[in-house]
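If you want the building blocks of each chain, they are given just below.
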Amino acid sequence: MSDTTAVEGKIDYAEVMRRLPHRYPFLLVDKAEDFVPATSIVGIKNVTHNEPFFPGHFPIDPVMPGVLIVEAMAQTGALLMSKTLDVAVADKVIMFMSIDGVRFRKPARPGDQLRMEVKVIRARGDAYKFRGETFIDGKLAAEAEFMAMVVTVPAPAPGPEA
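So, here is what we can say about the structure in this document. Throughout this document, residue positions are counted from 1 along each chain, in the order its sequence is written. Predicted model: local features are reported for residues with pLDDT of at least 70 only, side-chain atom pairs are reported and counted for 80 or more only, and whole-chain, interface and lining totals are derived from all residues. To obtain the side-chain values, all non-hydrogen atoms of the structure were used and water was disregarded.

Our focus in this paragraph is the overall build of the chain. In terms of regular secondary structure, the chain is built from three helices and six strands. Ordered by position in the sequence, the α and β elements of the chain form the string α-α-β-β-α-β-β-β-β. Oriented by its inertia axes, the alpha-carbon framework of the chain measures out at about 55 × 45 × 35 Å. In this scheme, a residue with accessible area under 20% of its type's maximum is buried, one over 50% is exposed, and one in between is partly exposed, where area comes from a 1.4 Å probe on protein chains only. Taking all 162 residues of the chain together, 40% fall into the buried category. It only takes one pair of heavy atoms within 4.5 Å for two residues to be counted as in contact. In the chain, of all internal contacts separated by at least 6 residues, the share reaching a separation of at least 24 is 63%. Total accessible area on the chain is roughly 8,800 Å²; 56% of this is exposed by carbon and sulfur atoms. On the chain, the mean spot of the 19 positive side-chain charges and the mean spot of the 21 negative ones are 5 Å from each other. Strands are runs of DSSP state E lasting at least two residues, helices are runs of H or I lasting at least four, and both sets are numbered from the N terminus onward. Each accessible area is a Shrake-Rupley result for a 1.4 Å probe, and residues are judged covered by the shown protein chains and nothing else. The sign given to each residue is positive for Lys and Arg and negative for Asp and Glu; His and the chain ends receive no count. To locate a charge, take atom NZ for lysine, CZ for arginine, CG for aspartate or CD for glutamate.

Laid out in structure tokens, this is it:
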């Protein structure tokens, strides 16, 4: 990514993949914009009919599960933390710690774009508290406060010797 793009506060899909350990079908952030270190970020998720949860939720009137909207906000916060703290995903992971005050206001359906505006409420070392709001077409769809922290990934146990 060029320095110009970084200055503009944009995070493309390739950087999202470098900074978050999640993968299909659980990576719920396509890109981000308006990144301000240790302060705020806007995550973008394009919801398509090909999402793996739609055949079961619900086949006739597909709705993205609310818990996945919350997860998308949490991943957006993790992206902010990863870039701010320059967390190496090889040996660290950002774990969701708590969630409060979740409210769902509008369902997300195929064709919608989730705009997840996440702001830091408090940061202490490797732990952050956030306020997240998700918008669809400029209307509030979900909101929550949540916490996350950086955790060291344990080294893999040695395998049996041959």
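Our next topic: the sheet that holds strand β1 (residues 31–36). The strand order β1-β2-β4-β5-β6-β3 describes an open sheet built from six strands, whose pairing is antiparallel. Of all strands in the sheet, those with a lone pairing partner are β1 and β3 (92–104), marking the two edges. The mean angle between the axes of side-by-side strands here comes to 25 degrees, regardless of whether they run parallel or antiparallel. Pairing geometry for strand β2 (residues 40–46) and strand β4 (residues 113–124), over seven bridges, is antiparallel. Here, a strand pair is defined by DSSP locating no fewer than two bridges between the strands. Axis lines are fitted to C-alpha atoms, over the contacting stretch for helices. Their N-to-C directions set the angle, which ranges from 0 to 180 degrees.

One ladder, built from nine bridges, connects β4 with strand β5 (residues 127–136); its direction is antiparallel. Bridged to V118 within β5 is G132. Between the antiparallel neighbours β4 and β5 lie two residues, among them G125 with a positive phi of about 60 degrees.

This brings us to the side chain of E51. Within the fold, E51 resides in the loop between β2 and α3 (66–85). Within the local environment of E51, its side chain forms a polar contact with the side chain of K45, the two groups lying 2.9 Å apart. The residues contacting E51, other than those within four sequence positions of it, are K45 and N46. Pairs of N or O atoms within 3.5 Å make up the polar contacts considered here, provided that, within protein, one atom can donate a hydrogen while the other can accept it, and that residues adjacent in sequence are counted only when both atoms are side-chain atoms.

Tracing the backbone shows E71 in helix α3. The term salt bridge refers to a side-chain nitrogen of Lys or Arg lying within 4 Å of a carboxyl oxygen of Asp or Glu. For the buried E71, no salt bridge exists, and the shortest N-O distance to an oppositely charged side chain is 11 Å, to R23. Other than its neighbours up to four places away in sequence, E71 contacts H22, F26 and L28.

Quick look at the nonpolar core now. The term nonpolar core refers to a set of buried residues drawn from Ala, Val, Leu, Ile, Met, Phe, Trp, Tyr and Cys, joined through side-chain atoms within 4.5 Å. Counting 38 residues, the largest nonpolar core has I41, M64, L79, L114 and F130 as the members making the most contacts within it. Listing elements by their share of this core, those giving two or more residues are β1, α3, β4, β5 and β6 (139–152). Apart from the residues within four sequence positions on either side, L79 is in contact with I11, V16, R19, L20, V29, A32 and I41.

Moving on: empty space enclosed by the protein. A pocket here means an open set of points on a 1 Å grid, computed over the protein atoms alone, that has protein on both sides within 12 Å along at least five of seven lines. A cavity is instead a set of points where a 1.4 Å probe fits but cannot get out; residues with an atom within 4 Å of a point line either one. Grid points are joined across faces, edges and corners, and a volume is the space filled by probe spheres set on the points. Counting across every chain of the model gives one cavity of 30 Å³ or more. Here the largest cavity defines a volume of roughly 60 Å³. Every residue lining the largest cavity is listed: R19, L20, P21, H22, A78, S82, V87, V89, K92, V93 and I94. For the lining of the largest cavity, the secondary-structure elements that each account for two or more residues are α3 and β3. Tallying contributions element by element places β3 first for the lining of the largest cavity, with three residues. Here the term charged refers only to Asp, Glu, Lys and Arg, the term nonpolar to Ala, Val, Leu, Ile, Met, Phe, Trp, Tyr, Cys and Pro, and the term polar to all other amino acids, Gly among them. For the lining of the largest cavity, the class distribution of residues is seven nonpolar, two polar and two charged.

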